[in-house]
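Observations on the three-dimensional arrangement
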Amino acid sequence: MEDALVKGEMIEKEVLTSTLWLDVWKRLIRNRLALLGLFLIVLVFLVALLADFIAPYDPIKINSQTMARDSLLSPSFRHLMGTDLLGRDVFSRIVYGARISLVVGLAAVLLMVIIGLFFGAIAGYYGGWLDSLLMRLADVFFAFPYVLGSIALISVLGFGIQNVILAIGILGWPSIARVFRSSVLQVKQSDYIAAARALGASDLRIILRHILPNAIAPVIVYATMSVGGAIIAEAALSFLGIGVQPPTPSWGYMLSESRNYIFTSPWLMIFPGLAILLTVLGFVLLGDGLRDALDPRLKE
Amino acid sequence: MEPLLKVVDLVKHFPIERGTIFKRQSGVVKAVDGVSFDIKEGETLGLVGESGCGKTTIGRCIVGLERPTSGQIFFNNSDITFLRGKEFRRLRKEIQIIFQDPYSSLNPRMTAGEIISEPLIIHKFGSDQKVKEKVLDLMESVGLKREHYSRYPHEFSGGQRQRIGIARAIALNPRLVVCDEPTSALDVSIQAQVLNLLVELKEKFKLSYLFISHDLSVVRYLSERVAVMYLGKLVELAENEKLYSQPLHPYTQALLSAVPVPDPNKERKRKRVVLKSGLSDYSGVFSGCRFQPRCWKAKDICQQKEPDLEEIEANHFVRCYFPGN
């Protein structure tokens, strides 16, 4: 009897401390694919953070004395992923390249989320001609092919990692705005928004306190997946030579360099390609898992 | 004595629009079509009618959630129909609303405490400490426990959620509370508790209610006067006892005859009025009385001209050419 009582209390306590985000977390880690995604992302983060300790060689410096001897070595214990034309260790370059990819991916998505949330909130909350105007503007942005748009923007802004981030962010906001707008439209119908208005809450308060927390979930999912997209965009731009400039190690640029040696030194292509693939996969899987975990219809 | 709230010839039409950029109005729903009534200080006015008759729209117009198409609303003798900005915000302290659905009327990302303190924060009640004390007081008044403060809406039952909604509505000490079917989403066993709570709070905080419902027995329990609405217009308005003992409008009679009697023997023998099916088109043009197509008493005159709302006895208003039996 007493045992049962104690048990009952413990269950009660667990219910008390479980907030909505804790529920989401619990559902997320029950999903194996999402867990794999999370694992990949954490791995890339750790590699990027601890690059100085992980990389066995300098990723940038070219040693003119040993360059000829070390050029295009195939993978071995000394060089796990082989060496490139200039005799640099591919593994070290990939380790440092993780920093570039993550910084560009996260910063670009942050930028597009900020712009997208702002316009999406205005379009969804106020509606009417403002909504029409902003959504047509979004259509204009959608009409640009990603790469072409970036090339145009970068040719205006100039080279450099910050301009790559800017270009990807500016071209990516319309999707976020669309996603957020539609979820704002849905939340706006709720009685608790009417209640807040009846209490005399300002528009800003209603948007920040009531709409944002309830409408943000799809944006979180979309943004997580977009990080992968932004990493690919950076790689594509670097591949084309207008992204991150050498000698800074970027996975995309490494791929670009490997073009001429695909048959003779395939490791130059395989490893940066794998790095991009796994990182992007990580974000996509996590995004997918988040979508399931955040879906209120699955709520028990 | 001047009434606390006075609604004069309130009209709310919703346009039916087609097209996104070039809007064409293809019709209009006359949700509220010229309604007048008043509420005295400390009084409860029941507003009943079938779903879609416009009773909720009236409530929302009074609280300022909808802008009336025409007509006027006076509160405390000042015209509040089209208030904006600061004035509008100040009025929120006086007129509040309790919603029908306790599941969608509470923000699921806020705790009970946060929800109840919101009106206090918006209207700058005082320091965090003062707000919290007030919120705990309010929670006690509506029958919630202190430990409910930091729980989220999904951890409460429907009845408890409605109590949170009620606490939020009375937090600013309003004079008028619009209760928009506050019990119709609740289990029958919980309804009585919430109704008793509303009665208790009315005494304690000197509130006046506009009590909107489709449930005649609920309205009877709470109201001093009852207004019956049909397709956007009042058809009968009378004191509570009068209306229930002597309904004059055929629609009211039909509504009352639909209320089941607890005694099965009486229930079986009782005569019931069964109406012809209702109108599905609320936007249509009426010729004559709007209840006429469903009325068993309809005569030629009913099709030609709509009757006025007339005071047939003292304080008993009816819109019918053939009131009574």
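Residues numbered from 1 in each chain as written. Chains lettered and ligands numbered in written order. Predicted model: local features only at pLDDT ≥ 70, side-chain atom pairs only at ≥ 80, totals over all residues. Heavy atoms only, no water.

Points about the overall build of chain B
Of the regular secondary structure elements, chain B holds 11 helices and 12 strands. Taken against the 2.2 N^0.38 rule, which gives 20 Å for 325 residues, the C-alpha radius of gyration of chain B at 21 Å falls within 12% of a compact globule. The principal-axis extents of the C-alpha atoms in chain B amount to approximately 70 × 60 × 45 Å. When each of the 325 residues of chain B is scored for burial, the buried share is 51%. Look at the contacts in chain B between residues 6 or more apart in sequence, and 64% of them connect residues 24 or more apart. Accessible surface, chain B as shown: approximately 15600 Å² in total, 49% of it carbon and sulfur. Of the charged side chains in chain B, 48 are positive and 40 negative; the average position of the first set lies 3 Å away from that of the second. (Helix = DSSP H or I, 4+ residues; strand = E, 2+ residues; numbered from the N terminus. Rg over C-alpha atoms; globule rule 2.2 N^0.38 Å. Buried < 20%, exposed > 50% of the residue type's maximum accessible area, 1.4 Å probe, protein only. Contact = heavy atoms within 4.5 Å. Areas by Shrake-Rupley, 256 points an atom, 1.4 Å probe, with all protein chains shown as cover. Lys, Arg positive; Asp, Glu negative; His and termini not counted. Charge placed at Lys NZ, Arg CZ, Asp CG, Glu CD.)

Comments concerning the sheet that holds strand β9 (residues 225-230) of chain B
Residue and element names in this part refer to chain B. Here 8 strands make up an open sheet; going across it, the order is β6-β7-β8-β3-β9-β10-β12-β11 and the pairing mixed. Whereas interior strands pair on both sides, the edge strands pair on one side only; in this sheet they are β6 (95-98) and β11 (310-313). Strand-to-strand twist of the sheet, defined as the mean angle between neighbouring strand axes without regard to direction, takes the value 25°. Relative to strand β7 (residues 176-180), β6 is paired through 4 bridges, and the arrangement is parallel. Its bridge partner lying in β7, I98 is registered against C179. Where helix α6 (residues 188-205) meets the sheet, it contacts β3 (44-48), β6 and β8 (208-213), and its direction lies at approximately 160° from that of β8. (Pairing = 2+ DSSP bridges. Axes fitted to C-alpha atoms, helices over the stretch in contact; angles between N-to-C directions.)

Let's talk about unusual backbone geometry
Residue and element names in this part refer to chain B. Despite not being glycine, N76 has its phi angle at roughly 55°, a positive value. Mapped onto the elements of the fold, N76 is located in the loop between β4 (70-75) and β5 (78-79). Residue N76 is classed as partly exposed on the basis of its relative accessible area of 41%. One non-glycine residue, N77, adopts positive backbone phi at about 75°. With respect to the secondary-structure elements, N77 resides in the loop between β4 and β5.

Considerations on the packing of aromatic side chains
Summed over the entire model, instances satisfying the criterion amount to 7 aromatic pairs over all chains. An angle of 50° between the planes, with centres 5.0 Å apart, marks the rings of F119(A) and W173(A) as tilted. Of the two residues, F119(A) sits in helix α6 (residues 90-126) while W173(A) sits in helix α9 (residues 161-188), which places them 54 residues apart along the sequence. A relative accessible area of 22% means that F119(A) is categorised as partly exposed. With a centroid separation of 5.4 Å and an interplanar angle of 65°, the aromatic rings of F141(A) and W173(A) are classed as edge-to-face. In this pair, F141(A) is assigned in helix α7 (residues 128-143) and W173(A) in helix α9, connecting sequence segments 32 residues apart. Members of the aromatic cluster, connected to one another through ring pairs, are F118(A), F119(A), F141(A) and W173(A). Over the ring of F88(B) we find R92(B), and its NZ or CZ is 4.2 Å from the ring centre. (Phe/Tyr/Trp six-rings, centres within 6.5 Å; stacked < 30°, edge-to-face > 60°. Lys NZ or Arg CZ within 6 Å of the ring centre and 35° of its normal.)

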